[in-house]
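# Remarks on the overall topology
Chain residues, written in single-letter form:
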Amino acid sequence: MAQFQAVKGAKDIFPEEVVRWHYIEGVIRSVTSLYGFSEVRTPVFEYTELFQRGIGSSTDIVGKEMFTFLPDPNGRSITLRPEMTAGVMRAFLQKNPGAGVPVHKLYYIADLFRKERPQAGRQRQFTQFGAELLGVSSPAAVAEVISMMMQVFDTLGLHGLRLRVNSLGDHEDRMRYREQLRSYLEPYHDLLDEASRERFEKNPLRILDSKNPAVQEIVAGAPKLLDCITIEGRAEFDRVLGYLSDRGIAYEVDHLLVRGLDYYGHTAFEVVSAELGAQDAIGGGGRYDALSKELGSNSEIPAVGFAVGMERLIITMEKQGLFATLCPHGPQVFVVLQDASLEDEALRIADRLRRAGITTETDLAGRSMKAQMREANRLLAGFALFVGQDEVASGSYTLRNLRTSEQLSLSIDAIPGVLLESSKP
RNA sequence: GUGAUUGUAGCUCAGCUGGUUAGAGCGCCAGGUUGUGGCCCUGGAGGUCGGGGGUUCGAGUCCCCUCAUUCACCCCA
């Protein structure tokens, strides 16, 4: 047992896996650029009030999951970001104070921190890929954002994901619905579990997405949030659905979908993967028109966005065998030296090959030739180049093709050409 | 925060109702091939059995505490 291990809920990512991240990040960068989104990077910490105001102090995230600290005795409380939307909006408002807001399209791939108990698909430090469309939140804008998210999944080859959408209406709609839901649940009050009873007082909407089967049964007959929405709101939601159908994006309207963050309103959505176990949401998002004012802007900036959990994405892709094509490639050549006295010569040759643009490795540990050859094989090197007394004396080096086992004797000057030629597809 | 689970070699794991020097596979190193890999054969190195305490003639095995892991609740990506 090592004396130190990674902090609970934090993971090391080694090269074999980093390859996967690079691949996914590449797809994200290309798809987002197709939609005209540009990357934004914001600080990993923010003043704590930003999250209290933005996410809402009644949420679990703010209530009990934040890594918060005081930088110095008289300083302001600071928190490691538990999500990106509040920070991106803050950055945007800081850069564009009070300006008439044109459309801005931003995306990010960022590390976040939440002090939860780790479990499958949940870590204390995790990464989200997300996008924020600021300045419009029209049905077309909502559809655009959902469409981009789905295109990323699609390009990665994911299948069997379910997109659930719902409309949370505006604030008044929700207040109205809240009362309807309360009066519906009233007679069942004693049948509800403890958590649901508490929500009955504080935030009855959260009872809708309870995992407790008994509660789900009760909730199944509850009035629908969608039915409390104004005609205009309902029409907008239908237009979003129309755009999705139009683009061939499958969805299901889920009346029980309520997102946990306070700033969401109107359209909300979530994508779940059957491969994930209990934490099955791979991504989610919605409209958050109210956030800008909550953060002190004097004009409301309509906005839509989503976030996708990178680790959950990777788990799902792994389960679906989508990394199979990602084959590792070794160095083009491994320089094998006969004995330690030739180290200088071997390093000179390696240096020369690298300057010629050839990926080259050599033994740095003074190991036997057999061990060096095994290493070359393990690394998936294309060739082995032998550096021995004979070669140095004659100036003619032995180059062995490790795939075909063919060997050639070549002058150093001829080697780069042969290697470059052989690595062409 | 709550519940359960697991913790033996670098890795994946065996170790029956407590009984002498703790095992396997893979990996690693060396040799079989004194200048050559992948397959095969032989040998070798490597373990405070998570940590602490207790019961016992005797504990990897039983009890308590503790730390860590994993999964679930909660919540969310």
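The structure presented is a predicted model; accordingly, all values stated were derived computationally and were not measured.

## Some thoughts on the overall build of chain A
Each helix and strand counted, chain A has 15 helices and 16 strands in total. Its C-alpha atoms give chain A a radius of gyration of 28 Å, more than 25% over the compact-globule value 22 Å for 425 residues. C-alpha atoms of chain A, sized along the principal axes, occupy 95 × 55 × 50 Å. Counted over contacts in chain A with a minimum sequence separation of 6, partners at least 24 positions apart contribute 69%.

## Here we look at the nonpolar core
Of all hydrophobic cores here, the largest spans 46 residues; its most connected members are Ile24, Phe153, Leu163, Phe306 and Leu313. For Ile24, the contacting residues outside a window of four places in its chain are Leu156, Met310, Leu313, Ile314, Met317 and Phe323. One finds Met84, Leu106, Tyr177 and Ile301 within the second-largest nonpolar core, a separate group that totals 45 residues.

## Examining the protein's contact with RNA strand B
Close to RNA strand B lie 49 residues; Arg114, Arg199, Arg206, Asp390 and Ser405 are nearest. The sugar-phosphate backbone supplies 54% of the atoms of RNA strand B found within 4 Å of the protein. One of the side-chain N or O atoms of Glu391 is found 2.6 Å from a base nitrogen in RNA strand B. Elements with a contribution of two residues or more to the surface near RNA strand B: helix 3 (60-64), strand 6 (125-134), strand 10 (281-287), strand 11 (303-309), helix 13 (369-378), helix 14 (389-394) and strand 15 (396-401). Its residues assigned to classes, the surface near RNA strand B comprises twelve nonpolar, 16 polar and 21 charged.

## Remarks on the packing of helix 1 (residues 15-34) against helix 5 (residues 139-156)
Contact geometry for helix 1 and helix 5: axes closest at 10 Å, N-to-C directions at 140°. Here helix 5 runs oblique to helix 1, going by the angle between their axes. In the packing of helix 1 onto helix 5, the handedness of the crossing is right-handed. Residues Tyr23, Ile24, Val27, Ile28, Val31, Thr32 and Leu34 of helix 1 form the contact with helix 5, whose own contacting residues are Met148, Gln151, Val152, Thr155 and Leu156. Class assignment for the residues of the contact of helix 1 with helix 5 results in nine nonpolar, three polar and no charged.

## A look at empty space enclosed by the protein
If you walk through the whole model with that rule in mind, you get one cavity of 30 Å³ or more. For the largest cavity, the calculated volume is near 30 Å³. Taken together, Ser167, Gly233, Glu236, Phe237, Val240, His266, Thr267 and Arg287 make up the lining of the largest cavity. Those elements giving two or more residues to the lining of the largest cavity turn out to be helix 9 (231-246) and strand 9 (265-272). Looking at side-chain class alone, the lining of the largest cavity contains two nonpolar, four polar and two charged residues.

## Topic: the layout of surface pockets
In this structure, the second largest pocket spans a volume of roughly 390 Å³. Taken together, 21 residues form the lining of the second largest pocket, with Lys11, Ile13, Trp21, Gln123 and Glu311 sitting closest to its centre. Mapped onto the lining of the second largest pocket, the elements with two or more residues apiece are helix 1, strand 5 (104-113), strand 6 and helix 11 (310-319). Split by residue class, the lining of the second largest pocket holds seven nonpolar, five polar and nine charged.

## Some details on the pairing of strand 16 (residues 407-411)
Here strand 15 runs beside strand 16; their pairing, made up of five bridges, is antiparallel. Its bridge partner being in strand 16, Leu399 is matched across the sheet by Leu408.

## Points about the packing of helix 1 against helix 11
Following both chains from N to C, one finds helix 1 and helix 11 inclined at 105°, their axes separated by 11 Å at the closest point. What the angle tells us is that helix 1 and helix 11 run roughly perpendicular. Judged by residue contacts, Glu17, Arg20, Trp21, Tyr23, Ile24, Glu25 and Ile28 of helix 1 engage Met310, Glu311, Leu313, Ile314, Met317 and Glu318 from helix 11. A per-class count over the contact of helix 1 with helix 11 returns eight nonpolar, no polar and five charged.

## A closer look at the domain arrangement of chain A
What the domain assignment reports for chain A is domain 1 (15-170 + 229-319) and domain 2 (333-422). Domain 1 and domain 2 are separated by 50 Å when their C-alpha centres are compared.

## Considerations on the sheet that holds strand 16
Two modes of strand pairing occur in sheets, parallel and antiparallel, and in both the strands are linked by backbone hydrogen bonds. Here we have five strands laid out as an open sheet, ordered 13-12-14-15-16, and mixed in their pairing. Two strands close off the open sheet at either side, each with one partner strand: strand 13 (360-362) and strand 16. Going from strand to strand, the sheet's axes swing by 30° on average, the running direction of each strand aside.

## Digging into the environment of Arg164
Tracing the backbone shows Arg164 in strand 7 (residues 162-167). Of the residues examined, Arg164 reaches a relative accessible area of 18% and is grouped as buried. Apart from the residues within four sequence positions on either side, Arg164 is in contact with Glu252, Asp254, Leu257, Ala268, Phe269, Glu270 and Val272. In terms of polar contacts, Arg164 uses its side chain to reach the side chain of Glu270, at 2.8 Å.

## Things to note about a nonpolar patch on the surface
Residues Val44, Phe45 and Phe69 make up a contiguous nonpolar surface patch of about 240 Å² in total accessible area. Mapping Phe45 onto the fold places it in strand 2 (residues 45-47). Judged by relative accessible area, which is 41%, Phe45 ranks as partly exposed.

Parameters at a glance
Residues numbered from 1 in each chain as written. Chains lettered and ligands numbered in written order. Predicted model: local features only at pLDDT ≥ 70, side-chain atom pairs only at ≥ 80, totals over all residues. Heavy atoms only, no water. Helix = DSSP H or I, 4+ residues; strand = E, 2+ residues; numbered from the N terminus. Rg over C-alpha atoms; globule rule 2.2 N^0.38 Å. Contact = heavy atoms within 4.5 Å. Core = buried A, V, L, I, M, F, W, Y, C linked by side-chain atoms within 4.5 Å. Buried < 20%, exposed > 50% of the residue type's maximum accessible area, 1.4 Å probe, protein only. Near = heavy atom within 4 Å. Polar contact = N/O pair within 3.5 Å; in protein donor to acceptor, adjacent residues only side chain to side chain. Nonpolar A, V, L, I, M, F, W, Y, C, P; charged D, E, K, R; others polar. Axes fitted to C-alpha atoms, helices over the stretch in contact; angles between N-to-C directions. Parallel < 35°, antiparallel > 145°, perpendicular 65-115°, else oblique. Left-handed = near helix turned anticlockwise from the far one by under 90°. 1 Å grid on protein atoms, 1.4 Å probe; cavity = no way out; pocket = protein on both sides within 12 Å on 5 of 7 lines; lining within 4 Å. Points joined across faces, edges and corners; volume = space filled by probe spheres on them. Pairing = 2+ DSSP bridges. Domains from an automatic or database assignment. Patch = residues over 30% accessible without salt bridge, like charges linked within 9 Å, V, L, I, M, F, W, Y side chains within 5 Å. Areas by Shrake-Rupley, 256 points an atom, 1.4 Å probe, with all protein chains shown as cover. Salt bridge = Lys/Arg side-chain N within 4 Å of Asp/Glu carboxyl O.

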